[in-house]
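Summary of the model geometry
Chain by chain, the residues:
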Amino acid sequence: MWRDMPLLLILICGQFVLFVNMQNISVNGEEFHSKSYVAPEPIVCVDAGCVRGRVVNGVRNTYEAFYGIPYAEPPVGKLRFKNPIPRGAWTKSWDATYPRSACLQKNYFNYRQPIVGSEDCLYLNVYRPSGKYLKKNLPVLIFIHGGGFLSFSSSPSELGPDYFMATNAVIVVTFNYRLGVFGFLCSGDEAIQGNFGLKDQQLALEWVAGNIGFFGGDENSITLAGQNAGAASVNLHMLNRKSQSLFHRAILMSGSALASPLFPIDSPHQFRMEAMASGITDWDTAPIYKLAEKVKQLDGLKLLHAVDQLFTFPGIPPVPLRPCIEGDWKGAFLTEDPKKIWAEGAFEQKPMLLSLTRNEGIVEAILTTNKTRLEEYNRNIYKLLPIQMGFNPLYTDDVLQFYFGNKKYIDHNNVDRYYQMVSDRFFRYQFFVLISQYLKYADVQKNPIYFYEFAFESSYTFLKYITGKDINLGVGHFDDLIYLFTMPGFFPPFEINTPESRMSGILVRTIVNFVAAGEIKKWRTIKPCTAITTELGCDRQVFKRYRELSPHQVVVSVTNRINGDMLKFWEGIDSSGTR
């Protein structure tokens, strides 16, 4: 299988081409009259004006980068907690030679919890091949970054496109969207409607659909991909009527809209809690609309720090601010529970590629490697576990018994079972529900669905970043991204002819094949079964697994190992009543 997906390592030293409409165009006083123009820096003219990018010497070749293109007006001042507005036109060429700021955030995935970014952050990046490799109608990959709707960004230090650019086969787009309190605070009414981060994403998709042709991209061949909260976002865009027409294929990595950390919450109550934590004295008595006006006037850092009070315990709930169910007002993004929409098949079928890592749950090592924190968690496990895992507290004993037997706490003897519980509840179970319900409605010949597990182990792992400790417990959450994107902010790029570089080449080529064709040659799509929760994939080739066979060989194998007891257990918990 891996021989059919070679890693392309091509060094390019070429020209830089400007795509514009067939008309006279003036950029900084210089007039062009051609569809292509050789220039020292790439310039592309889009609907709002011209943007000037730069040529990047990537880790495998050169490519063109257009950083920090504005797709929305800055969401500051009167536009804070408002639906995004498309960016107006500019007269001079926009300087897209450097990245813009991340969205204002407190990064809870980092044990130091740094604060970075700005509220003026709604920018996107476009990357394309250079020289003779720049062609018309290249397929487009839009990638939505993850981070629990709280953290991370589209910065090339976190999502560098170099491995994709080495293929010369796709255009890659990344973008920022409002996070945390700025992107997902909901008042429960029209005062602060909420879902602003998702609406930012939707506006970015509209921008790509309307402008990517100027960069040589095919607006009729757009794949929307994401990881973690980014994957959940992709899933939600599949449920939104407006978004559905803006992309053609979907990639969900380690996340979906059906995950328990995204179950709907009491938005008005949370809104008052945020107001209280922000220091508003009449947080519990003032009408919502008056509280909203006060919240809009608060300092951004005060709002950011107030989010700490929305956690019952560090990291619990895993996603304190999340997409909310809005009223049926103008501009609403989500008006029903996404679990209900998906279960009823009210989504537009698209080719889908899903993936998990083998040890997703080790992301919770930030708890288990902190002795003081773990002891406090164990003392309060009956209160914290249902909030963390998103189930009715009445079933806490059942969950503890299923994973820990007679023990009612976590220690070094059963910590692996804790990681398995996190993997099952947050990731595996939700994916099997998503797949089974998709298969009830989808024509998998026209809209196939593929699934793989990333099980390739190496010394590259995000655990050190998350925990601050030099540990490696397996292939965890985020670890597959290391093989798709260069991340100089975290890791050096792979040396050529190492197992890591070969794994990266195989994985990138798999994604590129899907982006280009909506299918992966020689992979079977998952097919419907009569008893989906116990026999997922009747042809017995349930999902692919990427792993290392030896220090010098990377293979893609097939497995049908599914924990049917786990699926039945969580299905019973979720169907048993109110959480």
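For the structure itself, consult the block above.
Keep in mind that this is a model prediction, so the values were computed, not measured. (Residues numbered from 1 in each chain as written. Predicted model: local features only at pLDDT ≥ 70, side-chain atom pairs only at ≥ 80, totals over all residues. Heavy atoms only, no water.)

1. Remarks on the packing of aromatic side chains
Two descriptors summarise a pair of aromatic rings, namely the distance from one centre to the other and the angle between the planes of the rings. Inspection of every chain in the model, using the stated rule, returns 49 aromatic pairs. Where Trp207 meets Phe215, the ring centres are 6.2 Å apart and the plane angle is 50 degrees; that geometry is what we call tilted. You can call Trp207 buried: its relative accessible area is 10%. Exposure remark for Phe215: the relative accessible area of 0% places this residue in the buried category. A ring pair is formed by Tyr377 and Tyr418, whose centres lie 6.3 Å apart and whose planes are at 70 degrees; its orientation type is edge-to-face. (Phe/Tyr/Trp six-rings, centres within 6.5 Å; stacked < 30°, edge-to-face > 60°. Buried < 20%, exposed > 50% of the residue type's maximum accessible area, 1.4 Å probe, protein only.)

2. Here we look at the state of the cysteines
This model, assessed by the stated rule, comprises three disulfides. Note on cysteine connectivity: Cys45 is disulfide-linked to Cys50, with sulfurs 1.9 Å apart. With the S-S dihedral at roughly 90 degrees, the linkage between Cys45 and Cys50 falls on the right-handed side. Each of the two residues, Cys45 as well as Cys50, counts as buried. Between the sulfur atoms of Cys186 and its disulfide mate Cys324 the distance is 2.1 Å. When the S-S torsion is -95 degrees, as for the bridge of Cys186 with Cys324, the disulfide is left-handed. Placement of Cys186 in the loop between helix H2 (180-184) and helix H3 (196-211) and of Cys324 in the loop between helix H8 (300-306) and helix H9 (338-343) is noted, with a sequence separation of 138 residues between them. Like Cys324, Cys186 is buried. (Disulfide = S-S within 2.5 Å. Helix = DSSP H or I, 4+ residues; strand = E, 2+ residues; numbered from the N terminus.)

3. Points about unusual backbone geometry
At the junction of Ile316 and Pro317, the peptide bond is cis and its omega measures out at 0 degrees in the coordinates. Take Pro317: it is sitting in the loop between H8 and H9. Positioned with a positive phi, Phe81 is a non-glycine residue whose angle comes to about 60 degrees. Since its relative accessible area comes to 2%, Phe81 is described here as buried. The phi dihedral of Asn497 falls on the positive side, at around 65 degrees, and the residue is not glycine. Relative to the helices and strands, Asn497 resides in the loop between helix H15 (463-467) and helix H16 (499-517).

4. Quick word on the side chain of Asp480
Mapped onto the elements, Asp480 comes out in the loop between H15 and H16. One buried charged residue, Asp480, forms no salt bridge at all, with the nearest opposite charge on Arg428 at 11 Å. For Asp480, the residues in contact, after removing those within four places along its chain, are Met253, Ser254, Ser355, Thr357, Phe454 and Leu507. (Lys, Arg positive; Asp, Glu negative; His and termini not counted. Salt bridge = Lys/Arg side-chain N within 4 Å of Asp/Glu carboxyl O. Contact = heavy atoms within 4.5 Å.)

5. Notes on the environment of Pro314
Mapping Pro314 onto the fold places it in the loop between H8 and H9. Here the alpha-carbon distance between Pro314 and Ile366, two residues 52 residues apart in the chain, equals 9.6 Å.

6. With respect to the pairing of strand S13 (residues 217-227)
Of all 11 residues in S13, nine are buried; the element is thus mostly enclosed. Examined bridge by bridge, strand S11 (residues 138-144) and S13 share six bridges and lie parallel to one another. Each residue of the ladder has a partner; that of Ile142, found in S13, is Leu224. With five bridges connecting them, S13 and strand S14 (residues 249-253) associate as parallel partners. Pairing of Gln227 across the sheet is with Met253, part of S14. (Pairing = 2+ DSSP bridges.)

7. Brief notes about the side chain of Glu453
With respect to the element layout, Glu453 can be found in strand S16 (residues 449-454). Side chain to side chain, Glu453 and Arg428 meet in a polar contact 2.8 Å long. (Polar contact = N/O pair within 3.5 Å; in protein donor to acceptor, adjacent residues only side chain to side chain.)

8. So, helix H14 (residues 415-441)
Given a rise of 1.5 Å per residue, 27 residues ought to cover 39 Å, and the 39 Å separating the end C-alpha atoms of H14 matches this to within 8%. Maximal helix bending in H14 amounts to about 45 degrees, located at Asp424. When you tally the buried positions in H14, you get 21 out of 27 residues, the bulk of the element. (Expected span 1.5 Å × (residues − 1). Bend = angle between axes of the 7 residues up to and from the residue.)

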